[in-house]
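So the chains spell out like this:
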Amino acid sequence: MNEMDLFPYRPRSGQREMVEDIATAIRNKQHIIIESGTGTGKTICALVGCLSASLDSHKKILYLTRTNSQQQQVLKELRRINDIRSVYGLGLQGRQSTCPLARRDPELRSGTPEELSKLCTEKKRRTIDELEGGCRFYEQTIATSFDEIERYVFSDIPTVEEFVDYCDRRGICPYELAKELASKATVVTAPYAYFFVQFIRDTLLDWMSVPISDLVVIVDEAHNLPDYAREVKTLSLSRKALRHVEKEVNEFGDLEVLDGVSILDIVSAMDEALDSAVEEYLLDEDGLVPMNFLEERLMHAFTLTSRMLELATRELMVQGEIIRERKKEAGRLPRSYIFSLGAFLNFWMNIEERYYVKLILGGDNPSFESYCLDPSIAAAPLLECAASIHMSGTLSPLVEYRDSLGLPSSSPMKSFPSPFPRRNRRIFFVDDVTTKYEDLAQDEEIVEKIEDYIVNICNGVKRNTVVFFPSFNLLQRFLSDGILYRIKRKVHIEDRGMSQNDLMETVTRFKEGAEQGAVLFAVVGGRVSEGLDFPDRELELAFIVGIPYPKPTAKQRALLHYYEMKFGRGWEYTVRAPAYRRMLQAIGRLIRTDTDIGVAIILDRRAKQFSDRIELELTQDALGDVLRFFEEREKERKVSSEKTKMRKVDTKSSE
Ligand code: SF4
């Protein structure tokens, strides 16, 4: 099959090349890393490249996404391909959002995939055995014709939300049906967890009836993967979790886990250990804890050997498992905090120390955390796949991504240029301010100067503007200084911990203010800067306040040290590269189509350290430069629309 046979649009510049690169990588069983910004059509290129190289060899494709809207985009593109050649595509999401029982019950919705899986198995067993406490949706599902559903799914390729609605109207279970349909699908699109969490991956491969060696994996928005992969292998236990253990003991009894040591004794020793760790090791928001700190505290508290402590943690898990079973039989979510306590201690005591650090995290709910430094551990199953494709608009330096994930050094790496006219965007920086911690502490006037830049430009340029702060703390500092009284435009604010609904309402109001030119205060690396689209006039001006270097926490310092030891590039890989990506993500909000125009202003003299990667211009007259940019672009727009009008008139008169 020719690579472009399945391409449903007229290919634009670079798209044929991207499709061919992907297809070649799959044929060569490679892991290709692609940096390609908004508007390059990477979703359709990845699908067509993968399908053209996989269809005849019976491989299956797993397209991993981070958000629902990315998943919807994959399914929409599959519909277009399906018009050319029949390709079965399916979207999957977890039980929390698709199980009809969980969607109607907040307690169930809070369950982990494993807990919901156990509960579901029990409910189905009861349904089949015609016992009380079964699942009415499952009962209806097994009584419904599967053929009709299969025809609907593989001809319409609905989004998960559409499929859930379809099933709701019939009183059947979309999760159970998706399991059945997965074995017939050639392309499955699902969240990252479906591949990087072992228990879920094993289940999915079983549903898809495919060995991992025949699976081609596409990782979308891959710049998220290293952090995600670290989190997957990280475990923590908080003070609140200990309070939940106490509640569970009140309900199920305080059993002994060793002679003379009960569950509550362990909880009390854990509380004391948390207090000591906070006092001895916490600096600001976290602190490194010695590797054997917790074990030694517990052994000392009960005069135990390490072997006895190990037995105690296993006994906690056994007791917890019994509670989970009892809850399951009672039709409740099979969750046990006693089990989680045992599992945490077991994990903490048995981690491979060279890949982990142990931390105390502060705040209102202090916790112990075993933090995984190496994303290549969770990413290792990628190497067992037929091939993988890693794509994002901000992956540079590509070699860092490859090394972090442990992909082979022979992996092809490619950057595709933005298809949008370069003149439509300019990035300025100023050299008389910085948010460098020491400078801010010494010179109070810096904050005033930064504020003056924001206020003067916001008041002088009536266009939708986002001000990206490096942290909520700094955003709050500007608010406390009264910046809102000086800005003569409507200002919207992304609050820390805002619900997704509230954030979307705030963003919608901001977008609706484009005529008058509204302002939005947000943070770099947050939901606004990483995940939202602002096409056309919805965003034309962006401030980046300071360079968004990661905060030098104990966790961050440990990461830097680990990368320095492993690659000799600690600063480059763990400080400079993430800061660069965050800035690019934020600046990338400006231009989403080929007619968008926009200006970014970085308010930090350290920006020039990135001039090898970002096309930066130093400005001594920020307001003037911004106004001139928009004036010039508006003039060009007018000329071009005049020309278009004249061309139309010419065409009509010649007709
Ligand atoms: S069969 Fe479906 S509705 Fe019933 S518990 Fe399982 S996932 Fe939920």
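Residues numbered from 1 in each chain as written. Predicted model: local features only at pLDDT ≥ 70, side-chain atom pairs only at ≥ 80, totals over all residues. Heavy atoms only, no water.

S.K.: Just to check I follow, could you spell out the site of the ligand for this structure?
M.R.: The full set of residues close to the ligand is Arg95, Cys99, Pro100, Leu101, Cys120, Cys135, Phe137, Tyr138, Cys173 and Glu176. Of all the secondary-structure elements, those providing two or more residues to the shell around the ligand are helix 5 (100-103) and helix 8 (136-142). A breakdown of the residues in the shell around the ligand according to their chemical character gives eight nonpolar, no polar and two charged. (Near = heavy atom within 4 Å. Helix = DSSP H or I, 4+ residues; strand = E, 2+ residues; numbered from the N terminus. Nonpolar A, V, L, I, M, F, W, Y, C, P; charged D, E, K, R; others polar.)

S.K.: How should the sheet that holds strand 13 (residues 413-416) be read in this particular structure?
M.R.: The strands that make up a sheet are held in pairs by hydrogen bonds between backbone atoms, and each pair lies either parallel or antiparallel. Pairing is parallel in the open sheet, where seven strands are placed in the order 3-4-2-5-12-1-13. The sheet is open, and its two edges are formed by strand 3 (89-91) and strand 13, each paired on a single side. Taken pair by pair, the neighbouring strands of this sheet meet at an average axis angle of 15°, ignoring direction. (Pairing = 2+ DSSP bridges. Axes fitted to C-alpha atoms, helices over the stretch in contact; angles between N-to-C directions.)

S.K.: For this particular structure, what's the right way to read the pattern of salt bridges?
M.R.: Between side chains of opposite charge, a pair can form when the charged atoms approach closely. Using the criterion set out here, one finds 53 salt bridges in the structure. With a closest N to O distance of 3.1 Å, Asp168 and Arg103 form a salt bridge. Taken together, the residues Asp168 in helix 10 (residues 160-170) and Arg103 in helix 5 connect sequence positions 65 residues apart. With a relative accessible area of 29%, Asp168 lands in the partly exposed category. (Salt bridge = Lys/Arg side-chain N within 4 Å of Asp/Glu carboxyl O. Buried < 20%, exposed > 50% of the residue type's maximum accessible area, 1.4 Å probe, protein only.)

S.K.: Got a minute to help me understand the sheet that holds strand 20 (residues 616-618) in this structure?
M.R.: Ordered by their spatial adjacency, seven strands build an open sheet running 16-17-15-18-19-14-20, and the pairing between neighbours is parallel. Taken across any chain shown, the strands that pair with only one partner, and hence form the sheet edges, are strand 16 (491-493) and strand 20. Sheet twist, expressed as the average angle between the axes of neighbouring strands with direction ignored, equals 25°. Direction of pairing for strand 15 (residues 465-469) relative to strand 18 (residues 541-545): parallel, over a ladder of four bridges. Pairing of Phe468 across the sheet is with Ile544, part of strand 18. Contacts between helix 29 (residues 570-588) and the sheet are confined to strand 14 (425-429), strand 15, strand 18 and strand 19 (598-603), with strand 18 contributing the most and set at about 160° to the helix. (Contact = heavy atoms within 4.5 Å.)

S.K.: So what exactly am I meant to see when it comes to the domain arrangement of the protein chain here?
M.R.: By a widespread convention, an interface's size corresponds to the accessible area lost as its parts come together. Domain boundaries in the protein chain define domain 1 (30-87 + 186-232 + 386-419), domain 2 (94-185), domain 3 (234-372) and domain 4 (422-638). A straight line from the C-alpha centre of domain 1 to that of domain 4 covers 30 Å. In this assembly, twelve residues from domain 1 lie in contact with 14 residues from domain 4. Summed over both sides, the interface of domain 1 with domain 4 buries roughly 1,200 Å², with 49% coming from carbon and sulfur. When residues of domain 1 are sorted by the area they lose upon contact with domain 4, Thr38, Thr394 and Glu400 head the list and together hold 38% of the total. At the surface where domain 1 touches domain 4, the tally comes to one salt bridge. Where Glu400 meets Arg581, a salt bridge forms, and the shortest distance between an N and an O atom there is 2.1 Å. If you look at where domain 1 meets domain 4, you find eight residue pairs in polar contact (both at pLDDT 80 or more). Per-element accounting of the side of domain 1 that touches domain 4 gives the leading share, four residues, to helix 21 (residues 398-405). For the side of domain 1 that touches domain 4, the per-class residue count stands at three nonpolar, five polar and four charged. (Domains from an automatic or database assignment. Buried area = accessible area lost by both parts, 1.4 Å probe. Polar contact = N/O pair within 3.5 Å; in protein donor to acceptor, adjacent residues only side chain to side chain.)

S.K.: How should I be thinking about the side chain of Glu150 in this particular structure?
M.R.: Within the element layout of this structure, Glu150 appears in helix 9 (residues 146-156). If we skip the residues at most four places from it in the chain, Glu150 touches Leu181 and Lys184.

S.K.: Is there a simple way to think about the environment of Ala178 in this case?
M.R.: Relative to the helices and strands, Ala178 resides in helix 11 (residues 174-182). Sequence separation of Ala178 and Pro417 is 239 residues, and the distance between their C-alpha atoms is 38 Å.

S.K.: I keep staring at the nonpolar core and nothing clicks. Help me out?
M.R.: Membership of the largest hydrophobic core comes to 50 residues, with the highest contact counts inside it found for Leu92, Phe163 and Phe195. Mapped onto the domain boundaries, this core takes at least three residues apiece from domain 1 (30-87 + 186-232 + 386-419) and domain 2 (94-185). Each residue touching Phe163, except ones within four places of it in the same chain, is listed here: Ile149, Tyr152, Val153, Pro158, Pro174, Leu177, Ala178 and Leu181. (Core = buried A, V, L, I, M, F, W, Y, C linked by side-chain atoms within 4.5 Å.)

S.K.: What is the right way to look at unusual backbone geometry in this model?
M.R.: Comment: phi is negative for the bulk of residues other than glycine, and the bulk of peptide bonds are trans. Backbone torsion omega between Ser396 and Pro397 reads -5°, so that peptide bond is classified as cis. Structurally, Pro397 can be placed in the loop between strand 12 (387-392) and helix 21. Unusually for a residue other than glycine, Glu221 sits at a positive phi of about 50°. Turning to its location among the elements, Glu221 is positioned in the loop between strand 5 (215-219) and helix 14 (225-232). For Glu221, a relative accessible area of 16% gives the class buried. Residues other than glycine seldom take positive phi values, yet Asp284 does so here, at roughly 60°. The topology assignment puts Asp284 in the loop between helix 16 (263-281) and strand 9 (286-288).

S.K.: What am I meant to see in the packing of helix 9 against helix 10 here?
M.R.: Geometry of a packed helix pair, given as the angle between the helix axes and the separation of the axes. As a packed pair, helix 9 and helix 10 sit with axes 12 Å apart at the nearest point and diverge in direction by 155°. Considering the angle they form, helix 9 stands roughly antiparallel to helix 10. By crossing handedness, the relation of helix 9 to helix 10 is classed as right-handed. For the pair helix 9 and helix 10, the contacting residues are Glu148, Ile149, Tyr152 and Val153 in the first and Glu162, Phe163, Tyr166 and Arg170 in the second. The residue makeup of the contact of helix 9 with helix 10, split by class, is five nonpolar, no polar and three charged. (Parallel < 35°, antiparallel > 145°, perpendicular 65-115°, else oblique. Left-handed = near helix turned anticlockwise from the far one by under 90°.)

S.K.: How do you make sense of a negative patch on the surface when you look at a structure like this?
M.R.: Where like charges cluster on the molecular surface, the negative patch consists of Asp254, Glu256, Asp259 and Asp265. Assignment of secondary structure puts Asp265 in helix 16. Residue Asp265 is classed as partly exposed on the basis of its relative accessible area of 31%. (Patch = residues over 30% accessible without salt bridge, like charges linked within 9 Å, V, L, I, M, F, W, Y side chains within 5 Å. Areas by Shrake-Rupley, 256 points an atom, 1.4 Å probe, with all protein chains shown as cover. Lys, Arg positive; Asp, Glu negative; His and termini not counted. Charge placed at Lys NZ, Arg CZ, Asp CG, Glu CD.)

S.K.: Would you explain the packing of aromatic side chains in this entry?
M.R.: Note on aromatic pairs: each is described by the distance of the centres and the angle between the planes. Overall, the coordinates contain 24 aromatic pairs when judged by the stated rule. Each ring, one from Phe195 and one from Phe196, has its centre 5.1 Å from the other, and the planes form 85°; the classification is edge-to-face. Both rings, one in Tyr562 and one in Tyr563, keep their centres 6.1 Å apart while their planes meet at 70°; by these two values the pair is edge-to-face. Judged by its relative accessible area of 12%, Tyr562 falls in the buried class. An aromatic cluster of at least three residues, connected via ring pairs, comprises Tyr281, Phe293, Phe344, Trp348 and Phe368. Above the ring of Phe195, the side-chain terminus of Arg201 is found at 5.4 Å from the ring centroid. Of note, Lys511 hangs over the ring of Phe534, and the distance from its end group to the ring centre comes to 5.0 Å. (Phe/Tyr/Trp six-rings, centres within 6.5 Å; stacked < 30°, edge-to-face > 60°. Lys NZ or Arg CZ within 6 Å of the ring centre and 35° of its normal.)

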